[in-house]
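# Reading the structure
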Amino acid sequence: MADDCCRWLANEMAEPNVLRNNAAADKSGQSASALTREQDLIARVQRGQNELFYELVRPYERRVYAAALAILRNESDAEDVAQEAMLKALANIRQFRAEARFSTWLIQITVNEALMRRRRERTVVMEGIDDRRDEETDYTPRDFADWREIPSEALERKEIRQKLAEALASLDRKYREVFVLRDVEQLNIQETAEALGISVASVKTRLLRARLMLRDLLAAGWGQGWFSRLPFEKGSKPW
Amino acid sequence: MVNERVNCEQVWRDISNYIEGDVDTALRTAMDEHFGTCPRCKSVLQGTRNVIRLYSDERMIELPAGFDRRLERLLAQRARPRASRWLTWEAWLVPVAAMALIAGGMWLMNSRTAVQQVKSEHANAGQNIPPDLAVVVAPGTKVFHVPGCSFIHDKDNLRKLTAKEALKEGFTPCPRCLKKYLETTAVVYALPGTQVSSDADEDEAARSDTSHRDEVRGRD
Ligand SMILES: [Zn+2]
Ligand SMILES: [Zn+2]
């Protein structure tokens, strides 16, 4: 277990193109001042001010938890792993290099911890065997209604969040994991591939399918009135 | 390259790459043209963008109740400098040594009793579960769960209560979703503290790293 982690950390450090994660490429829109503040916090924790670590990781605790949950599908296991990952990050903080994006580093540690735990506990049995092959056939979208943007206020409604979460949970594991790492955690394609130990081509194939399947699931949800109280014009659908 | 055309199937195959900005200029131009004339593909594109936008929103992530507090406490404990932890560790060794001297041959017996005691307390399932943890019970069952546990059968008629209330009413914890509170190992690791400390809260620093974590959660 420790070996796995250290090997991964070593790989990460040997990775020459960590520079790909610069602030400008940060999809989460981290501002320049927030980034400076983060770099400052990192430097201070690296110098031994461990009491600042929670402040450093706090902005990412939700994403750390979500990454663990996507892999383990159990709230208490996910919390355990989130805590373990945070402790591991703290213990290895000196190995973090300033050119990399801190959130990515944290998420990768989390994914690694979660995958190790799943291997250890063989929870895969619950979900069937790990089918590493990607589908040969193309996915055909089912719904072609007129489109409108769903306002993000929709997410203020718990039942909508719940429906979206259920749709995601209904995806096969290999699609769910790739989708969560790329679109929820916002790792890039390469980082997603590294974190899951699959090829870049596989990430792309699975991502495509995951996104299209979710779109169809949400389109079906539209038909069932999930979004019915949102301010859409009559007759127009967002998908 | 001029006037390269794509059909709907090709668009669907590359739509994810298109959103990623991961298609070459010729294909991008061809796809842009296609979206301009094909409402079906336009619908697929915009729907897919909706998916990405909604799921990337942090509001989609629901943390378990108390997650922040437990994490903060765990990290605060870990932040204590190592040296002072060792001091505390040694500090409690003194009374142990004294006790061992005084008790002489009784020591071994005592410690065995302590182990048994902890184990039997553990057999009294549920004592490690945070008393105010929100749990649910389904009608006609004897088990209580963390909300959302996949082992709940009748999800429509759940009653909400605290773990303390559930235990009091005679429900037993679900071995799946409450597993982490039921593991014997965690309790056994916590033994040094349990044995010698009268004030569990203050003596945590003396415990092993593993027990730290369980402590943090256990007392929540
Ligand atoms: Zn088309
Ligand atoms: Zn349960």
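Counting restarts for each chain, with residues numbered from 1 along the sequence as it is written. The lettering of chains begins at A and the numbering of ligands begins at 1, in the order of writing. Per-residue local features are limited, in this predicted model, to residues with pLDDT of at least 70; the limit for side-chain atom pairs, both in listing and counting, is 80 or more; totals at the level of whole chains, interfaces and linings are taken over all residues. Excluding hydrogens and water, the side-chain values take into account all heavy atoms of the structure.

### What to know about the overall build of chain B
The secondary structure listing takes helices from DSSP runs of H or I that are at least 4 residues long and strands from runs of E that are at least 2 residues long, numbered from the N terminus. Assigned secondary structure in chain B consists of ten helices and four strands. For chain B, the succession of helices and strands along the chain, N to C, is α-α-α-α-α-α-β-β-β-α-β-α-α-α. Categorising residues by exposure relies on relative accessible area from a 1.4 Å probe, with only protein chains included: less than 20% of the type maximum marks a residue as buried, more than 50% marks it as exposed, and the intermediate range marks it as partly exposed. Across the 220 residues in chain B, those meeting the buried criterion constitute 40%. Taking the contacts inside chain B whose residues are at least 6 apart along the sequence as the reference set, 60% of them involve residues at least 24 apart. The method behind every accessible area is Shrake-Rupley, applied with a 1.4 Å probe, and residues are considered shielded solely by the protein chains displayed. Total accessible area on chain B is roughly 12100 Å²; 56% of this is exposed by carbon and sulfur atoms. Two residues form a contact once any of their heavy atoms are found within 4.5 Å.

### Quick notes on the side chain of A:E185
Residue and element names in this part refer to chain A. Topologically, E185 is positioned in the loop between helix 9 (173–184) and helix 10 (189–196). Counted as a polar contact is a pair of N or O atoms within 3.5 Å, where, for protein atoms, one must be capable of donating a hydrogen and the other of accepting one, and residues adjacent in sequence contribute only when both atoms are in side chains. Here the side chain of E185 touches A67 through a polar contact of 3.0 Å, landing on its backbone nitrogen. Discounting residues that sit within four places of it in the chain, E185 has contacts with R63, V64, A66, A67, I107 and V180.

### Things to note about the packing of aromatic side chains
Each Phe, Tyr or Trp ring (for Trp, its six-membered ring) is paired with any other whose centre lies within 6.5 Å, and the angle between the two planes then decides the class: stacked below 30 degrees, edge-to-face above 60, tilted in between. A full pass over the atoms with the stated rule returns seven aromatic pairs over all chains. Judged by centre distance (5.3 Å) and plane angle (85°), the ring pair of A:F96 and A:F102 falls under edge-to-face. Neither residue differs from the other here; A:F96 and A:F102 are each classed as buried. With centroids separated by 5.2 Å and ring planes inclined at 65°, the aromatic side chains of B:Y18 and B:F35 adopt a geometry described as edge-to-face. Of this pair, B:Y18 sits in helix 1 (residues 8–20) while B:F35 sits in helix 2 (residues 25–37), and the two are 17 residues apart along the sequence. What links up through ring pairs into an aromatic cluster is the set A:Y60, A:F96, A:F102 and A:W105. We note B:R28 situated over the ring of B:Y18; from NZ or CZ to the ring centre the distance is 4.3 Å. Over a ring means this: the NZ of a Lys or the CZ of an Arg is within 6 Å of the ring centre and within 35 degrees of the ring normal.

### Details of the coordination of the zinc ion (ligand 1)
Residues and elements named next belong to chain B. For the zinc ion (ligand 1), the full set of protein donor atoms is C8 (SG), H34 (NE2), C38 (SG) and C41 (SG), and the range of their distances to it is 2.0 to 2.3 Å. Any N, O or S atom lying within 2.8 Å of the metal counts as a donor, and for Na, K and Ca the limit rises to 3.2 Å; water is left out, so some sites can look incomplete. Only two sets of limits are used to name each site, 85 to 135 degrees for every angle of a tetrahedral four-donor site, and over 155 degrees for opposite donors with all other angles from 65 to 115 for a square planar four-donor or octahedral six-donor site, with any other site named irregular. In this structure, the zinc ion (ligand 1) is coordinated by four donor atoms arranged in tetrahedral fashion, with angles at the metal of 101 to 115°. When the donors of the zinc ion (ligand 1) are listed by position in the chain, the intervening gaps give C-x25-H-x3-C-x2-C. One end of the pair, C8, is in helix 1; the other, C38, is in the loop between helix 2 and helix 3 (39–55), with 30 residues separating them in the sequence. By the burial criterion, C8 is buried, and C38 matches it.

### Digging into the packing of helix 1 of chain B against helix 3 of chain B
Residue and element names in this part refer to chain B. At their nearest, the axes of helix 1 and helix 3 sit 10 Å apart, and the two run at 30° to each other. Taken together, the axes of helix 1 and helix 3 are roughly parallel relative to one another. Note that helix 1 runs across helix 3; the crossing there is right-handed. On helix 3, the residues touching C8, V11, W12, I15, Y18 and I19 of helix 1 are R40, C41, V44, L45, T48, R49 and I52. Think of each axis as a best-fit line through the C-alpha atoms, taken over the contacting stretch in the case of a helix, with angles from 0 to 180 degrees between the N-to-C directions. Here the angle decides the label: under 35 degrees means roughly parallel, over 145 means roughly antiparallel, 65 to 115 means roughly perpendicular, and every other value means oblique. Left-handed describes a crossing whose near helix is turned anticlockwise from the far helix through less than a right angle; right-handed describes the clockwise counterpart.

### What about the sheet that holds strand 4 (residues 172–173) of chain B?
All names here are of chain B. Think of it this way: DSSP has to see at least two bridges between two strands before they count as a pair. What the four strands build is an open sheet, ordered 3-1-2-4; its pairing is mixed. The strands lining the two open edges of the sheet, one partner per strand, are strand 3 (159–162) and strand 4. Sheet topology places strand 2 (residues 143–145) next to strand 4; two bridges connect them, and they run parallel. When the bridges of strand 4 are listed, V143 appears paired with T172.

### Side note on the pattern of salt bridges
Here, a salt bridge means any side-chain nitrogen of Lys or Arg that lies within 4 Å of a carboxyl oxygen of Asp or Glu. In the structure shown here, the tally under the stated rule is 24 salt bridges over all chains. B:E62 serves as the salt-bridge partner of A:K158, at 3.5 Å between the closest nitrogen and oxygen. Here B:E62 lies in the loop between helix 3 and helix 4 (67–79) and A:K158 lies in helix 8 (residues 158–169), a pairing that spans two chains. For B:E62, a relative accessible area of 41% puts it in the partly exposed group. Its salt-bridge partner being A:D183, residue A:R211 comes within 2.8 Å of it at the nearest N-O pair. In this pair, A:R211 is assigned in helix 11 (residues 200–223) and A:D183 in helix 9, connecting sequence segments 28 residues apart. Summarising the burial analysis for this pair, A:R211 and A:D183 share the class buried. Through salt bridges that share partners, A:D77, A:D80, A:E84 and A:R117 make up one connected network.

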